[in-house]
Amino acid sequence: PVLTTPLFLSLLFGGGRDVYDHRPGEHNTNGRRQHQQQRQQRLFRGEGATRAHIAAKMGRLDDLQDIMGTSPEDFHAKDNNSWQPLHEAVRGGFIHIVNFLVEQDVDINARTLHGRGPSPLWMAEFIHGLDHPVMQRLTELGAIKLPPLERGQEPNEDNR
């Protein structure tokens, strides 16, 4: 309960009461949400993240649906570490976001770290375990479990 209050979240992300965008006692949820989204975009912009990365990371299906109408190419975009929105959704364990992104025809085997990092299926197992719905869904889709490459190992046809 306390961990999801706007005050806690604003403090967590480095803000203060000004994040509310209202006076004490008022409830301006539209202004608060808009301000929080702008703050998240500023936080992740330096990492090359798109709005789709941020929405996937936060488990915000409504934001991804909005993005579908304006910037659907963002579903395939890579940040500075070659993470795509699917990687963010997998890390967060958001099965509803994974399902939505799969419907947008994202690459379910895309590696992070410029082709040297893990695939979404490897991440799902490592982070959540074999019984997690994200792991099960990616397996159903035929995803390939690709671990991070060893130091000095170069990407090739065998390790995709």
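It should be emphasised that the depicted structure is a prediction, and the values quoted were computed from it without experimental measurement.

Rules behind the numbers
Residues numbered from 1 in each chain as written. Predicted model: local features only at pLDDT ≥ 70, side-chain atom pairs only at ≥ 80, totals over all residues. Heavy atoms only, no water. Axes fitted to C-alpha atoms, helices over the stretch in contact; angles between N-to-C directions. Helix = DSSP H or I, 4+ residues; strand = E, 2+ residues; numbered from the N terminus. Parallel < 35°, antiparallel > 145°, perpendicular 65-115°, else oblique. Left-handed = near helix turned anticlockwise from the far one by under 90°. Contact = heavy atoms within 4.5 Å. Nonpolar A, V, L, I, M, F, W, Y, C, P; charged D, E, K, R; others polar. Polar contact = N/O pair within 3.5 Å; in protein donor to acceptor, adjacent residues only side chain to side chain. Buried < 20%, exposed > 50% of the residue type's maximum accessible area, 1.4 Å probe, protein only. Salt bridge = Lys/Arg side-chain N within 4 Å of Asp/Glu carboxyl O. Phe/Tyr/Trp six-rings, centres within 6.5 Å; stacked < 30°, edge-to-face > 60°.

1. Some words on the packing of helix H5 (residues 85-92) against helix H7 (residues 120-128)
Where H5 contacts H7, the two axes come as close as 9 Å, and the packing angle between them is 20°. Here H5 lies roughly parallel to H7, going by the angle between them. Every pair of crossing elements has a handedness; the one defined by H5 and H7 is right-handed. Residues Leu-86, His-87, Val-90, Arg-91 and Gly-92 of H5 form the contact with H7, whose participating residues are Pro-120, Met-123, Ala-124, Ile-127 and His-128. The residue inventory of the contact of H5 with H7, partitioned by class, reads 6 nonpolar, 3 polar and 1 charged.

2. Thoughts on the environment of Ala-110
Here Ala-110 shows up in the loop between helix H6 (95-103) and H7. Measuring from C-alpha to C-alpha, the distance between Ala-110 and Lys-78 comes to 9.9 Å, with 32 residues separating the pair along the chain. With residues up to four places along the chain from it excluded, the contact list for Ala-110 reads Gln-84, His-87, Pro-118, Ser-119 and Pro-120.

3. Some remarks on the side chain of His-53
Looking at the element boundaries, His-53 is found in helix H3 (residues 51-58). Side-chain polar atoms of His-53 contact the backbone oxygen of Trp-83, separated by 2.7 Å. With sequence-adjacent residues up to four places away left out, His-53 is seen in contact with Ala-77, Lys-78, Asp-79, Trp-83, Gln-84, Pro-85 and Glu-88.

4. A few points about H5
Most of H5 sits inside the fold, with 6 of its 8 residues counted as buried. Those residues of H5 hidden inside the fold are in contact with H3, H6, H7 and helix H8 (133-140). Gly-93 sits one or two residues past H5 and shows a positive phi near 75°.

5. Section: unusual backbone geometry
Phi is positive for Leu-113, close to 50°, though the residue is something other than glycine. Relative to the helices and strands, Leu-113 is located in the loop between H6 and H7. Here Leu-113 falls in the partly exposed class, since its relative accessible area comes to 41%. A positive phi angle, near 55°, is found at His-114, a position not held by glycine. Within the secondary structure layout, His-114 lies in the loop between H6 and H7.

6. Topic: the pattern of salt bridges
Per the stated rule, a full pass over the model turns up 5 salt bridges. The salt bridge involving Asp-62 is made with Arg-60; its shortest N-O contact spans 3.1 Å. Taken together, the salt bridges that share partners define one network made up of Arg-60, Asp-62 and Asp-63.

7. Observations regarding the packing of aromatic side chains
Scanning the entire structure with this criterion turns up 2 aromatic pairs. On the numbers, 5.5 Å between centres and 85° between planes, the contact of Phe-75 with Phe-100 is edge-to-face. Here Phe-100 lies in helix H6 and Phe-75 lies in the loop between helix H4 (61-70) and H5, a separation of 25 residues in the sequence. Each member of the pair Phe-75 and Phe-100 is classed as buried. Arranged with centres 4.8 Å apart and planes meeting at 10°, the rings of Trp-122 and Phe-126 form a pair that is stacked. Placement of both Trp-122 and Phe-126 in helix H7 is noted, with a separation of 4 residues, approximately one turn of the helix. Taking relative accessible area as the criterion, Trp-122 reaches 22% and is therefore assigned partly exposed. The exposure class assigned to Phe-126 is exposed, which follows from its relative accessible area of 62%.

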